[in-house]
Amino acid sequence: MSVPPKYQIRALHTESTVTVYQAYDPSLGLPAARDGRFPAAWKRERMTWIKPSFLWMMYRCGWGLKEGQQTVLAVEITHAGFAWALRNASLSHYVRGVHPDRDAWSRGLRRSPARVQWDPERDLRLAALPYRSLQLGLAGEASRRYADEWTVGIRDVTPLAHRIHALVRAGELDAARAELPEERPYPAGPELLAHLVAEEPASDRA
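## Points about helix α2 (residues 54–61)
Logical step 1: Counting buried positions along α2 gives 6 out of 8 residues, so the element sits mostly inside the fold.
Logical step 2: Looking only at α2, the buried set comprises F54, L55, W56, M57, M58 and C61.
Logical step 3: Turning to α2, the residues buried within the fold contact β2 (17–24), β4 (71–78), β6 (114–122), β7 (128–138) and α6 (158–169).
Logical step 4: Backbone geometry just downstream of α2 places G62 in the positive-phi region, at approximately 60°.

Next up, the structure:
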């Protein structure tokens, strides 16, 4: 089985949408899933982080068992919205070779309505893998667009999270793997990712 590239977006996606994951307290997550949109109580002025990787979301929310993250949502958003966020995002940390200097990176980050982090992808036991998973932070205009324009559907996938977790705990990894969402490489070319690939020069990794 080949190892994916270090920086690659993998997601459940259709011809018109891409699915990202978030986890919320049931008081917010359940109404969102019920109505298929984020309620007024969802704070549009705050930064929100979306994750195309189901297993990274499981790592973050502890399979939907962490306090305040007991409702796991699969949010379908438009390709156009996802592309807009990537195109207008900045890396959340400075990388020499990607940014001219720290000041330029800092100025760009302040202006950007979105930011990107590449964190280690996770396996079924939530151990780190040698390649990265995208996290996309949305603030200001991006956050509002996400909630009110890009989102076309919201599903509660907490039961799926609990079912896969139970299979993992029972050691039934093949059965657990069969339940995972089908995440395929997302068609994001250099025009969307060139400014977000955080590869550092070899001399910095020595």
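## Considering the pattern of salt bridges
Logical step 1: Summed over all chains, the structure comprises 6 salt bridges.
Logical step 2: Between R145 and E141 there is a salt bridge; the shortest N-O distance is 2.9 Å. On the criterion of helical spacing, the pair formed by R145 and E141 is a turn pair, its members being 4 residues apart in helix α5 (residues 141–150).
Logical step 3: Looking at R145, the relative accessible area reads 24%, which means it is partly exposed.
Logical step 4: Take E141: its relative accessible area is 36%, and that puts it in the partly exposed class.
Logical step 5: Measuring nitrogen to oxygen at the nearest pair gives 3.4 Å for the salt bridge that ties E179 to R163. Note that E179 is positioned in helix α7 (residues 173–179) and R163 in helix α6, a separation of 16 residues in sequence.

## Things to note about the sheet that holds β4
Logical step 1: Pairing is antiparallel across the open sheet formed by 3 strands, whose spatial order is β2-β4-β8. Of all the strands in the sheet, the pair left with one neighbour each is β2 and β8 (151–156). Within the sheet, the average angular offset between the axes of one strand and its neighbour, ignoring direction, is 25°.
Logical step 2: Bridge analysis of β2 against β4 gives 8 bridges, and the strand direction is antiparallel. Across the sheet, the residue bridging to T17 is T78, located in β4.
Logical step 3: Each of β2 and β4 is contacted by α2, which is oriented at about 10° to β2, the strand it contacts most.

## Structural notes on the pairing of β4
Logical step 1: Along β4, 6 of the 8 residues are buried, which leaves the element largely enclosed by surrounding structure.
Logical step 2: Pairing analysis gives 5 bridges linking β4 to β8, with the strands arranged antiparallel. When the bridges of β8 are listed, A74 appears paired with R155.

## Topic: the nonpolar core
Logical step 1: The biggest cluster of nonpolar side chains holds 39 residues, and the ones touching the most others in it are F38, L86, L136 and Y146.
Logical step 2: With 5 residues, helix α3 (residues 79–87) is the largest single contributor of residues to this core.
Logical step 3: In contact with L136, not counting residues within four places along its chain, are T48, W49, I50, F82, A85, L86, A89, A114, R115 and V116.
Logical step 4: A74, L126, A161 and A176 belong to the second largest nonpolar core, which has 19 residues in total.

## A word on the environment of G153
Logical step 1: Relative to the elements of secondary structure, G153 occurs in strand β8.
Logical step 2: The class for G153 is buried, based on a relative accessible area of 16%.
Logical step 3: Along the sequence, G153 and A32 sit 121 residues apart, while their C-alpha atoms lie 9.3 Å from each other.
Logical step 4: Aside from chain neighbours lying at most four places away, what touches G153 is G36, A74, V75 and E76.

## Focus on the side chain of R44
Logical step 1: Mapped onto the elements of the fold, R44 is located in the loop between α1 (26–35) and β3 (48–50).
Logical step 2: For R44, a relative accessible area of 18% puts it in the buried group.
Logical step 3: What R44 contacts, discounting residues up to four positions off in sequence, is F38, P39, G140, S143, R144, A147 and D148.

## Quick word on the sheet that holds strand β5 (residues 89–91)
The strands that make up a sheet are held in pairs by hydrogen bonds between backbone atoms, and each pair lies either parallel or antiparallel.
Logical step 1: A sheet is described by the order of its strands in space; here 4 strands give the open sequence β3-β7-β6-β5, paired in mixed fashion. Strand pairing shows two members of the sheet lacking a second neighbour, β3 and β5, which therefore form its edges. Each adjacent strand pair in this sheet contributes to an overall mean axis angle of 40°, direction not counted.
Logical step 2: Pairing of β6 with β7, which is carried by 8 bridges, proceeds in the antiparallel orientation.

What counts, and at which threshold
- Residues numbered from 1 in each chain as written.
- Predicted model: local features only at pLDDT ≥ 70, side-chain atom pairs only at ≥ 80, totals over all residues.
- Heavy atoms only, no water.
- Buried < 20%, exposed > 50% of the residue type's maximum accessible area, 1.4 Å probe, protein only.
- Helix = DSSP H or I, 4+ residues; strand = E, 2+ residues; numbered from the N terminus.
- Contact = heavy atoms within 4.5 Å.
- Salt bridge = Lys/Arg side-chain N within 4 Å of Asp/Glu carboxyl O.
- Pairing = 2+ DSSP bridges.
- Axes fitted to C-alpha atoms, helices over the stretch in contact; angles between N-to-C directions.
- Core = buried A, V, L, I, M, F, W, Y, C linked by side-chain atoms within 4.5 Å.

Interpretation note: all reported values are geometric properties and have no functional meaning in isolation.
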